[in-house]
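# Overview (structure and organization)
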Amino acid sequence: MNLLQKSIEMSAIYKENPKVDAVLLAGSVSKNLQDEHSDIELHILWSSSPTDEDRQKPIQKIDGTILSYHPYEDEEWSESYLDQNGIKFEISNFLCETVERFISDVVDRYETDYDKQCIIASINDGVSLFGEEKINDLKNRIATYPLELSKRMISENLWLSNRWNNRKALLKRQDWLMLSDVICGVQRNLLGVLFGLNHIYVHHPVFKWMGIYIEQMEIRPESLHDRMTNILIGHPQNGIEKLEKLIEDVIELVERNHPELDITDQKKHIGYAK
């Protein structure tokens, strides 16, 4: 099944609505990473708030089956549905002014908020299906990743987690579930640091497609993907030791590439364990 062609066909239906300013293909299909499990993610940018009729009419036109349908929350309307061939569509509806404000928050005010960065990353990597001039204007606004955003991503994520300080106690008590959560959380923090170091907008709140994005990083510890994977395999004691070494390597990269950053307090915090 040609998901790109299906995306184009669905976009043609959405653009019939004069309130739609642009349609953007996001997700795996926009990156040519689709597999048998992939669905189609579309971002619909509206000039004014869509009504239920606005949102449901394209689904009715293809005799689609609604799987989920959410009201306006977190500045987005969203729904998912199946077409007659069983292809799943994930739709995110935003006001154009909301997307433009998210861009200003991240690019001009250097907010590290992952949800806003995910929208920006989807614009950066996405494919315009309608409203190319509008999409290109948005792409141009985010083309240069701000240096100050990079510094904030590094500084904030290097605090890791207060629970990281409990790693030895969790090991001794064999609190495996909590320890696993701590380990995964610290790995996500380290990826946040590395995304900042490499001037890459965060594309997913829990770093989907980790291996692909690691390959894009020019600044990264050696064998990063294998090391991230191996931390999760085997006895937790070994995982903690490997993670501690990975943290050291990431800190070294930060100090080498941003010697002006004062991360003294973060290093003290990281080193403490009870």
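Anyway, here's the lowdown on the structure attached to this text. Small disclaimer: the values here were computed from a predicted structure and weren't measured.

As summarised here, the arrangement of the 6 strands in space is β3-β4-β5-β2-β1-β6, forming an open sheet in which the pairing is mixed. Among the strands making up the open sheet, the edge pair consists of β3 (65-73) and β6 (127-130). Taking each pair of neighbouring strands and ignoring which way they run, the sheet shows an average axis angle of 20 degrees. Across the sheet, helix α1 (residues 3-14) is in contact with β1 (20-26), β2 (40-46), β4 (76-82), β5 (88-95) and β6; its angle to β2 comes to roughly 25 degrees. In the packing of helix α3 (residues 52-61) onto the sheet, contacts are made with β2, β3, β4 and β5, and the angle to β3 comes to roughly 160 degrees.

Note on placement: Gly-192 falls in helix α9 (residues 176-197). Judged by relative accessible area, Gly-192 falls into the buried class, the value being 0%. In sequence terms Gly-192 and Thr-229 are 37 residues apart; their C-alpha atoms lie 17 Å from each other. Setting aside chain neighbours within four positions, we find Gly-192 in contact with Tyr-114, Met-153, Asn-157 and Phe-207.

Quick look at the packing of α9 against helix α12 (residues 236-257) now. Remark: α9 packs on α12, axes separated minimally by 11 Å, with the N-to-C direction vectors making an angle of 20 degrees. By the angle class used here, α9 and α12 are roughly parallel. For the pair α9 and α12, the sense of crossing is left-handed. Residues Trp-176, Leu-179, Ile-183, Val-186, Gln-187, Leu-190, Val-193, Leu-194 and Leu-197 of α9 pack against Pro-236, Ile-240, Leu-243, Leu-246, Ile-247, Val-250, Leu-253, Val-254 and Asn-257 of α12. Of the residues assigned to the contact of α9 with α12, the class counts are 16 nonpolar, 2 polar and no charged.

Rules used throughout
Residues numbered from 1 in each chain as written. Predicted model: local features only at pLDDT ≥ 70, side-chain atom pairs only at ≥ 80, totals over all residues. Heavy atoms only, no water. Pairing = 2+ DSSP bridges. Helix = DSSP H or I, 4+ residues; strand = E, 2+ residues; numbered from the N terminus. Axes fitted to C-alpha atoms, helices over the stretch in contact; angles between N-to-C directions. Contact = heavy atoms within 4.5 Å. Buried < 20%, exposed > 50% of the residue type's maximum accessible area, 1.4 Å probe, protein only. Parallel < 35°, antiparallel > 145°, perpendicular 65-115°, else oblique. Left-handed = near helix turned anticlockwise from the far one by under 90°. Nonpolar A, V, L, I, M, F, W, Y, C, P; charged D, E, K, R; others polar.

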